[in-house]
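Chain by chain, the residues run as shown.
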Amino acid sequence: MRQRNRRQHRTAAGKESRDRWMITYADLITLLLIFFVILYAMSSLDSQKYAIVSGSLSDTFKSGSTVLEGGNGVLEGNQGITGTDVSKGHNEDGSTADTPSATDSGDANELNGHGADTPAAGQEGDGAGHQPSARELAFREQEAKLAALMGVITQYVEENNLGEQIFVADKPQGIAITLSDRFLFDAGKAELKSPALPALRQLSGLFRGIGATISIEGHTDNVPVTPGSVYKDNWELSGARALSVLRFFLDKEGLSPDTFQYAGYADTRPAYDNVTVEGRQKNRRVELIVLRQLQEEE
């Protein structure tokens, strides 16, 4: 009876020892699965989340360059706890010391003061760095004046139903006020018509003390002047028309000559195609451009 029990025990033990390799195999498969899951997680990096985390760390530490981008350190100016200070803050048995690492209590207080004030100092530096320069303030003031000027002229044009005669546009060089030649002059002439004078007086009031240079530019279409004209060609006609507008501002309205410049461009700078009648009509014009003295910094 005892021999039979021993045989059954040995048989069970033999089967159990032969199946132990499955435990090792299962552990290996589990580790491989975890390894490939980690590889997959590392390969699918979310760039947006990375940028958010990087920016958050940069704003928190105020290091000037993010830690993830290879900054020199976390704190500015080598202030705060260094590697040596940290090592001094631990005892030989690995426990943390209760007192800060400093040569004396005065240095310790100074160190603690720097550590507490470092983020605030960084914030103050950033605030000062974002203060607008004198040039930027002047540019903003200029743009505010030009925007106000454009708004007043646009309102005047709308209230007096002059939308077909006066056009206002904000161009890179400044605010351009385009006056149709039919509004200002008779055909082939350079003398101002009386219906145009109220609008010019309105503009002169806006130009007074504006603090910007105003360019008066005459333009024509590509049709030559008539043989009986007092002007030799379109160059003389365009220049004479620009000069007539300038003389009105200087002689009639008493504006400063230092504020103005004028030129005649004939048909060399068309705004529309000269092939059509409508295009030629729009090309015959006088432009008053309130020039930008300052350009926006890129």
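Whatever comes next refers back to the structure up there.
First, a word on scope: everything that follows refers to the structure included in this document. Computed from a predicted structure; not experimentally measured.

1. Brief notes about the overall build of the chain
- Regarding its fold elements, the chain presents 10 helices and five strands.
- Buried residues in the chain amount to 27% of all 298 residues.
- Excluding contacts between residues fewer than 6 apart, the proportion of contacts in the chain whose partners are at least 24 apart in sequence is 63%.
- With the model as given, the accessible surface of the chain reaches about 20300 Å², and the carbon-plus-sulfur share is 54%.

2. Section: helix H9 (residues 234–252)
- Across its 19 residues, H9 extends 26 Å between first and last C-alpha, which sits within 8% of the 27 Å expected from 1.5 Å per residue.
- Near the N-terminus of H9, the side chain that reaches the backbone nitrogen of Trp235, with its oxygen 3.1 Å away, is that of Asp233.
- In the stretch just after H9, Gly254 is the one whose phi turns positive, near 70 degrees.

3. Observations concerning the sheet that holds strand S2 (residues 174–180)
- If you walk across this open sheet you meet the five strands as S1-S2-S5-S3-S4, and the pairing is mixed. Because the sheet does not close on itself, it has two edges, and the strands there are strand S1 (166–171) and strand S4 (260–264). Neighbouring strand axes in the sheet, compared pairwise and without regard to direction, differ in orientation by 20 degrees on average.
- As paired elements, strand S3 (residues 214–219) and strand S5 (residues 285–291) share six bridges and run antiparallel to each other. Each residue of the ladder has a partner; that of His219, found in S5, is Arg285.
- Helix H6 (residues 134–159) rests against S1, S2 and S5 of the sheet, and its axis sits at about 160 degrees to S1.

4. A look at the packing of helix H8 (residues 197–207) against H9
- At a closest axis distance of 10 Å, the pairing of H8 and H9 adopts a crossing angle of 60 degrees. Between H8 and H9, the angle falls in the class oblique. Crossing handedness for the pair H8 and H9: right-handed. Note on element contacts: H9 touches H8 through Val245, Phe248 and Phe249, opposite Leu197, Leu200, Arg201, Leu203, Ser204 and Phe207.
- In the contact of H8 with H9, the residues fall into seven nonpolar, one polar and one charged.

5. Remarks on a nonpolar patch on the surface
- The grouping of Trp21, Met22, Tyr25, Leu28, Ile29, Leu32, Phe35, Phe36 and Leu39 at the surface amounts to a nonpolar patch, some 950 Å² of accessible area in total.
- Considering the arrangement of structural elements, one finds Leu28 in helix H2 (residues 21–43).
- Look at Leu28 and you get partly exposed, because its relative accessible area is 47%.

Thresholds, definitions, all that
- Residues numbered from 1 in each chain as written.
- Predicted model: local features only at pLDDT ≥ 70, side-chain atom pairs only at ≥ 80, totals over all residues.
- Heavy atoms only, no water.
- Helix = DSSP H or I, 4+ residues; strand = E, 2+ residues; numbered from the N terminus.
- Buried < 20%, exposed > 50% of the residue type's maximum accessible area, 1.4 Å probe, protein only.
- Contact = heavy atoms within 4.5 Å.
- Areas by Shrake-Rupley, 256 points an atom, 1.4 Å probe, with all protein chains shown as cover.
- Expected span 1.5 Å × (residues − 1).
- Polar contact = N/O pair within 3.5 Å; in protein donor to acceptor, adjacent residues only side chain to side chain.
- Pairing = 2+ DSSP bridges.
- Axes fitted to C-alpha atoms, helices over the stretch in contact; angles between N-to-C directions.
- Parallel < 35°, antiparallel > 145°, perpendicular 65-115°, else oblique.
- Left-handed = near helix turned anticlockwise from the far one by under 90°.
- Nonpolar A, V, L, I, M, F, W, Y, C, P; charged D, E, K, R; others polar.
- Patch = residues over 30% accessible without salt bridge, like charges linked within 9 Å, V, L, I, M, F, W, Y side chains within 5 Å.
- Salt bridge = Lys/Arg side-chain N within 4 Å of Asp/Glu carboxyl O.

Shape descriptors only; they carry no functional weight alone.
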